[in-house]
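Coordinate analysis (summary)
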Amino acid sequence: MSKQIVLERDGDIAVIQVRRPEALNALSRSIVDEMDRMVEQVQADSSVRVLLFYSEENFAAGADIRDMAPCDEAQAKTFLFTPTYNKIQSLPIPTIAVVDGYAFGGGLELALRCDFRIVSKTVKMGLTELNLGIIPGAGGTVLLPRLVGEAKAKELIYLSRVVSGEEAERIGLAHVAVDKEALWETAKAWAQKLCTRSPLALAAAKKSIEHAVGHPEYDDASDYEGALWAELFNHHDQKEGMAAFFEKRKPVFTGE
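Heads up: these notes are all about the structure in this document. (Residues numbered from 1 in each chain as written. Predicted model: local features only at pLDDT ≥ 70, side-chain atom pairs only at ≥ 80, totals over all residues. Heavy atoms only, no water.)

**Points about the sheet that holds strand β8 (residues 163-164)**
Pairing is mixed in the open sheet, where three strands are placed in the order β5-β7-β8. Sheet topology places β5 (102-104) and β8 at the edges, where each strand pairs with a single neighbour. Looking at chain direction, strand β7 (residues 124-126) and β8 are connected through two bridges and run antiparallel. Each residue of the ladder has a partner; that of M125, found in β8, is V163. (Pairing = 2+ DSSP bridges. Helix = DSSP H or I, 4+ residues; strand = E, 2+ residues; numbered from the N terminus.)

Written out as structure tokens, the structure reads:
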């Protein structure tokens, strides 16, 4: 197991952290392979309620260019981080990218795959691949337009524009930008709040939103949402949530 990436637990919260400071936490093929195994481990553990991606000083300064540079087309296809990032995006639990320092290229694409992006005001974020004669290849051109709109996404990608945390929040790329000193505590507070929700309801909400984004026909998306809503009435968490409402107390959700 590589010491360049670790999986840690803080109660119901799991944290995946890259530890490669000498390369600004750039993502190598081996690091992403290990990340893939960690994501599968998290998915198999029902006690994990929230997954955070957080690395000290720099979130990830992109994919490792030294690894990529000699690739031909076939090798480039095997280098892609997309399969692992797809697993992250499809996790039924909420995911939070806690972003500081640099988040470029594949690093920012990792953050884009998370449900939430909490960033420092001084972070530098950008899909800068066109500087290298390539395009974002792990979801960047697909997901960025959904967040910031087509016109702004073209500006950021075509010009390899780097934005601060404050601008990222303003254009919808980040959910909130805070002072660097408050970054971890802010993210942990969000995670702890999410841990109080029903895992079943969170998973259903996530599925419904993802389905609606991919299926813009209103009737189809609405029918899917309704089916997910009704299915929740088969579970303890729905009974507990509504009983707690009537009894004027906080619910205790178990995911059952």
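**Observations regarding helix α7 (residues 150-158)**
Turning to α7, its buried residues number three or more, namely A153, L156 and I157. Seen along its axis, α7 keeps its buried residues to an arc of 90°; they face one direction. Away from its buried face by more than 90 degrees, α7 exposes A151 and Y158. Contacts made by the buried residues of α7 are with α6 (140-148), β8 and α8 (165-171). (Buried < 20%, exposed > 50% of the residue type's maximum accessible area, 1.4 Å probe, protein only. Arc of directions from axis to C-beta. Contact = heavy atoms within 4.5 Å.)

**Observations regarding the state of the cysteines**
In the structure shown here, the tally under the stated rule is zero disulfides. With no disulfide of its own, C114 lies 15 Å from the sulfur of C195, the closest cysteine sulfur. (Disulfide = S-S within 2.5 Å.)

**Details of the layout of surface pockets**
Looking at the largest pocket, its volume works out to about 660 Å³. Around the largest pocket, the lining comprises 27 residues; the ones closest to its centre are A63, M68, E129, I134 and I135. Taken together, the elements giving at least two residues each to the lining of the largest pocket come down to α2 (65-68), α3 (73-79) and α5 (106-112). In terms of residues, the lining of the largest pocket owes the most to one element, α3, which gives three residues. Looking at the lining of the largest pocket residue by residue, the class counts come to 17 nonpolar, six polar and four charged. Computed from the structure, the second largest pocket encloses a volume of approximately 490 Å³. (1 Å grid on protein atoms, 1.4 Å probe; cavity = no way out; pocket = protein on both sides within 12 Å on 5 of 7 lines; lining within 4 Å. Points joined across faces, edges and corners; volume = space filled by probe spheres on them. Nonpolar A, V, L, I, M, F, W, Y, C, P; charged D, E, K, R; others polar.)

**Side note on a negative patch on the surface**
Together, E217, D219, D220 and D223 line one region of the surface with negative charge. Of note, D219 is situated in helix α11 (residues 218-231). For D219, a relative accessible area of 57% corresponds to the exposed category. (Patch = residues over 30% accessible without salt bridge, like charges linked within 9 Å, V, L, I, M, F, W, Y side chains within 5 Å. Areas by Shrake-Rupley, 256 points an atom, 1.4 Å probe, with all protein chains shown as cover. Salt bridge = Lys/Arg side-chain N within 4 Å of Asp/Glu carboxyl O. Lys, Arg positive; Asp, Glu negative; His and termini not counted. Charge placed at Lys NZ, Arg CZ, Asp CG, Glu CD.)

**As for the pattern of salt bridges**
All chains considered together, the criterion is met by 20 salt bridges. Between D36 and K87 there is a salt bridge; the shortest N-O distance is 2.7 Å. Here D36, found in helix α1 (residues 29-44), pairs with K87, found in helix α4 (residues 82-89); they are 51 residues apart in sequence, far enough to count as distant. Looking at D36, the relative accessible area reads 14%, which means it is buried.

**Some details on the packing of helix α10 (residues 199-214) against α11**
Between α10 and α11, the shortest axis-to-axis distance is 9 Å and the interhelical angle comes to 170°. Taken together, the axes of α10 and α11 are roughly antiparallel relative to one another. Counted together, A204, K207, S208, H211 and A212 of α10 and D220, A221, Y224, E225 and L228 of α11 form the full contact between these two elements. Residue composition of the contact of α10 with α11, grouped by class: five nonpolar, two polar and three charged. (Axes fitted to C-alpha atoms, helices over the stretch in contact; angles between N-to-C directions. Parallel < 35°, antiparallel > 145°, perpendicular 65-115°, else oblique.)

**Examining empty space enclosed by the protein**
Inspection of every chain in the model, using the stated rule, returns two cavities of 30 Å³ or more. For the largest cavity, the calculated volume is near 40 Å³. If you trace the largest cavity, you find it lined by I16, V18, M35, F53, Y54, S55, F59, A60 and L110. Elements represented by at least two residues in the lining of the largest cavity include exactly β2 (13-18) and β3 (50-54). Empty space within the second largest cavity amounts to approximately 30 Å³. Residues that form the lining of the second largest cavity fall into these classes: seven nonpolar, one polar and one charged.

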